[in-house]
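Overview (structure and organization)
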Protein chains: 2
Amino acid sequence: MKDIKRKERGEGKKAIILLSGGLDSAVTLYYAMREGYQCYCLAFDYGQRHAVEMAFARKIASKAGVPLKIVSLRLPWKGSSLVDDRMPLPVDRTLRAISKGIPSTYVPARNKMFISIAASYAEAIGAYAIFIGAHFQDSSGYPDCRIEFLKAKDKAIRLGTKRGLENKLRLEFPLIRKNKSQIIRLGAKLGVPFGYTWSCYSGGRYPCGRCDSCILRAKGFDEAGLKDPLYAKTRG
Amino acid sequence: MKDIKRKERGEGKKAIILLSGGLDSAVTLYYAMREGYQCYCLAFDYGQRHAVEMAFARKIASKAGVPLKIVSLRLPWKGSSLVDDRMPLPVDRTLRAISKGIPSTYVPARNKMFISIAASYAEAIGAYAIFIGAHFQDSSGYPDCRIEFLKAKDKAIRLGTKRGLENKLRLEFPLIRKNKSQIIRLGAKLGVPFGYTWSCYSGGRYPCGRCDSCILRAKGFDEAGLKDPLYAKTRG
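Along every chain, residues carry numbers that run from 1 in the direction the sequence is written. For naming, the first written chain is A and the first written ligand is 1, with later ones following in the order written. Thresholds applied to this predicted model are a pLDDT of at least 70 for local features of residues and 80 or more for the giving and counting of side-chain atom pairs; totals over whole chains, interfaces and linings are not thresholded and use all residues.

1. Re the overall build of chain A
Basically, it comes down to this: Counting from the N terminus, the helices are the DSSP runs of H or I reaching at least four residues and the strands are the DSSP runs of E reaching at least two. C-alpha atoms define the radius of gyration, and 2.2 Å times the number of residues to the power 0.38 defines the globule rule. Buried residues are those with 20 or more other C-beta atoms within 10 Å of their own C-beta, exposed residues have 12 or fewer, and partly exposed residues lie in between; C-beta atoms are placed from the backbone.
A count of helical and extended segments in chain A gives 10 helices and five strands. For chain A, the C-alpha radius of gyration of 17 Å lies close to 18 Å, the compact-globule estimate for 236 residues. Overall, chain A is about 50 × 40 × 30 Å in size when its C-alpha atoms are taken along their principal axes. Going through the 236 residues of chain A one by one, you find that 51% of them count as buried.

Structure representation (structure tokens):
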């Protein structure tokens, strides 16, 4: 917990947490709560095939006792296998294959859009920080999860919003340098109910266990030496 | 036209143009067309009280013979007199008052959201540039019209999108250093049909002539020594 104690506390200030229903954003929410922020969650319905994500975002926010707003962002273009049923999802890839290149599950400029809309929300309610659970190690090579991009976004927020110009708004990405097992270990310490988080891209009743996201999650729990309660719950 | 000839031509490459129905974005569209880009316009229905803007965006795109996509972005928060009927619009302000501070018409992080969503569109269709008609001289002091912000956004696009990383996408803001009368003079040279552009914030049948935007437009035409065909049409 040293890395948490070392940080400045939120002191009850408002923060926006980008919540996806996944594991990383849930850990980010609990991290921000632990830092003392008054958290306002924001999730997006962008036509993702795994609509189950929204249900899990609701579960997590409710479990954590924080408000959640869902923004509908249905764009009249596709460009990702995550929103386009006609594009096949990559499955059964090796970790090496997953770590190479930008996969078809990349949703064009997704984090860029989410952060920008979160900045609007932050201006409207007077929040001091926007938290995003992006990380690049053990992740899928999405350009908008890179630290250089997030730093540029932080700068854009500081320069291009009213609160940013008043030095009252910044972007926080506390997981950025962690790998999946480190994130899971942190989440376990923070008491994140992992059974209420969803990672699978395919969005069936049970996680498929074959998509990149399921593979990375399983590897993370393995390396952390922990059991994944979602699998325990859904698979018996 | 020197500033146009000096620039690299678009060479038939695709570009996204953020179109608002207003004068600045129409000049930007004609500028990008003149540069040789194959233009795809993008407009937003974000619950603005001047819905007449959307009608004018359609008119301009149709007149220019370019496609237009309209994205619905209804956010579950307000924070601006431009989207909140309960907040009064500032009227009859002096130019000095207009130039000071951030007015209530500032829509939280609007350009930030629009540019980010345009980046998603650019990734989906393979565009090389995103054009925005932002400028700060003679404008209303919106933080997201500042050159420092736009440069940070350009950097975020280059670092956080697939096309940006391939050096195939950038943000263009050709009007940024121009004042309103210079923009109007440029538009006149480019053949922009100003009668098809709408600036008024209040969104009645005729421009009110009293809001900041009407005042700045009238000043711009005055200084450019040109007659505003919109006023001639609607009032004369």
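That shown, we press on.
2. Quick word on the sheet that holds strand β3 (residues 68-72) of chain B
Residues and elements named next belong to chain B. For the record, the criterion: Each pair of strands is called paired provided DSSP finds at least two bridges between the two strands. Between N-to-C directions, angles cover 0 to 180 degrees, with each direction set by a line fitted to C-alpha atoms, over the stretch in contact for helices.
Spatial ordering of the open sheet is given by β3-β2-β1-β4-β5, a layout of five strands whose pairing is parallel. Two strands close off the open sheet at either side, each with one partner strand: β3 and β5 (170-172). Strand-to-strand, the axes of this sheet are offset by a mean angle of 25 degrees, without reference to chain direction. Examined bridge by bridge, strand β1 (residues 14-18) and strand β2 (residues 38-45) share five bridges and lie parallel to one another. Along β2, the bridge assignment pairs I16 with Y40.

3. Topic: unusual backbone geometry
For N167 of chain A, which is not glycine, the phi torsion reads 65 degrees and is therefore positive. Tracing the chain through its elements places N167 of chain A in the loop between α7 (162-165) and β5 (170-172). Residue N167 of chain A is classed as exposed on the basis of its C-beta count, with 9 C-beta atoms lying within 10 Å. Although it is not a glycine, E11 of chain B adopts a positive phi angle of roughly 55 degrees. Turning to its location among the elements, E11 of chain B is positioned in the loop between α1 (2-6) and β1. Take E11 of chain B: there are 10 C-beta atoms within 10 Å of it, and that puts it in the exposed class.

4. Let's talk about the interface of chain B and chain A
Here is the rule we go by: Whether two residues are in contact is decided by their C-beta atoms, placed from the backbone, lying within 7 Å. In this count, Pro and Cys sit with the nonpolar residues alongside Ala, Val, Leu, Ile, Met, Phe, Trp and Tyr, while Asp, Glu, Lys and Arg are called charged and the others, Gly among them, polar.
Listed by partner, the interface residues are 35 residues for chain B and 35 residues for chain A. Those elements giving two or more residues to the side of chain B that touches chain A turn out to be β3, α5 (110-125), α6 (147-160) and α7 (162-165) of chain B. A per-element tally of the side of chain B that touches chain A places α5 of chain B first, with 10 residues. Class assignment for the residues of the side of chain B that touches chain A results in 20 nonpolar, five polar and 10 charged.

5. Side note on the environment of K178 of chain B
Residues and elements named next belong to chain B. When you line up the elements, K178 lands in the loop between β5 and α8 (180-190). On the basis of neighbour count, K178 is assigned to the buried category, with 20 C-beta atoms found within 10 Å. Each residue touching K178, except ones within four places of it in the same chain, is listed here: H135, Q137, I183 and L186.

6. Concerning the pairing of strand β1 (residues 14-18) of chain A
Residues and elements named next belong to chain A. Basically, it comes down to this: When the strands point away from the viewer, a crossover counts as right-handed if the path from the first strand over the helix to the second runs clockwise.
Most of β1 is tucked away: four of the five residues are buried. Chirality of the crossover, the property in question, places the unit of β1, helix α2 (residues 23-34) and strand β2 (residues 38-45) among those that are right-handed. The pairing of β1 with strand β4 (residues 129-131) spans three bridges and is parallel. Note on β4: the bridge partner recorded for A15 is A129.

7. Quick look at the sheet that holds β4 of chain A
All names here are of chain A. Pairing within the open sheet is parallel, and its five strands lie in the order β3-β2-β1-β4-β5. Two strands in the sheet have a free side with no partner beyond their single neighbour: β3 (68-72) and β5. The mean angle between the axes of side-by-side strands here comes to 25 degrees, regardless of whether they run parallel or antiparallel. Inspection of the sheet shows β2 paired to β3 by five bridges, in the parallel sense. Following the sheet pairing, A43 is matched in β3 by I70. On top of the sheet, helix α5 (residues 110-125) reaches β1, β2, β3, β4 and β5; it is set at about 155 degrees to β1, its chief contact.

8. Some points on the relation of the copies chain B and chain A
Two chain copies here: they are related by a rotation about an axis and a translation along the same axis. Formally: For the least-squares superposition of copies, only C-alpha atoms count, and only for residues with pLDDT at least 70 in both.
Relative to chain A, chain B is turned by 180 degrees and slid 0.0 Å along the rotation axis, the superposed coordinates differing by an RMSD of 0.0 Å. Put plainly, the chains are arranged around a two-fold axis. A high fraction, 100%, of the interface residues of chain B reappear at the interface in chain A, so the copies pair face to face through one surface.

9. Some words on the environment of L150 of chain A
Residue and element names in this part refer to chain A. Take L150: it is sitting in helix α6 (residues 147-160). The class of L150 is buried, set by 23 C-beta atoms lying within 10 Å. Note: C-alpha distance between L150 and I176 (26 residues apart in sequence) is 9.2 Å. Not counting residues within four places of it along the chain, the set of residues in contact with L150 comprises A134, L171, F173 and I176.

10. Notes on the packing of α6 of chain A against α6 of chain B
Note the cut-off: An angle below 35 degrees is treated as roughly parallel, one above 145 as roughly antiparallel, one from 65 to 115 as roughly perpendicular, and anything else as oblique. Handedness of a crossing is defined here by the sense of rotation of the near helix relative to the far one, left-handed for an anticlockwise turn of less than a right angle and right-handed for a clockwise turn.
At a minimum axis separation of 8 Å, α6 of chain A and α6 of chain B run at an interaxial angle of 160 degrees. Taken together, α6 of chain A and α6 of chain B sit at an angle that is classed as roughly antiparallel. As α6 of chain A packs across α6 of chain B, the resulting crossing turns out to be left-handed. Between α6 of chain A and α6 of chain B, the residues in contact are E148, F149, A152, K153, K155, A156, L159 and G160 of chain A and E148, F149, A152, K153, K155, A156, L159 and G160 of chain B, respectively. Here the residues of the contact of α6 of chain A with α6 of chain B are counted per class, giving eight nonpolar, two polar and six charged.

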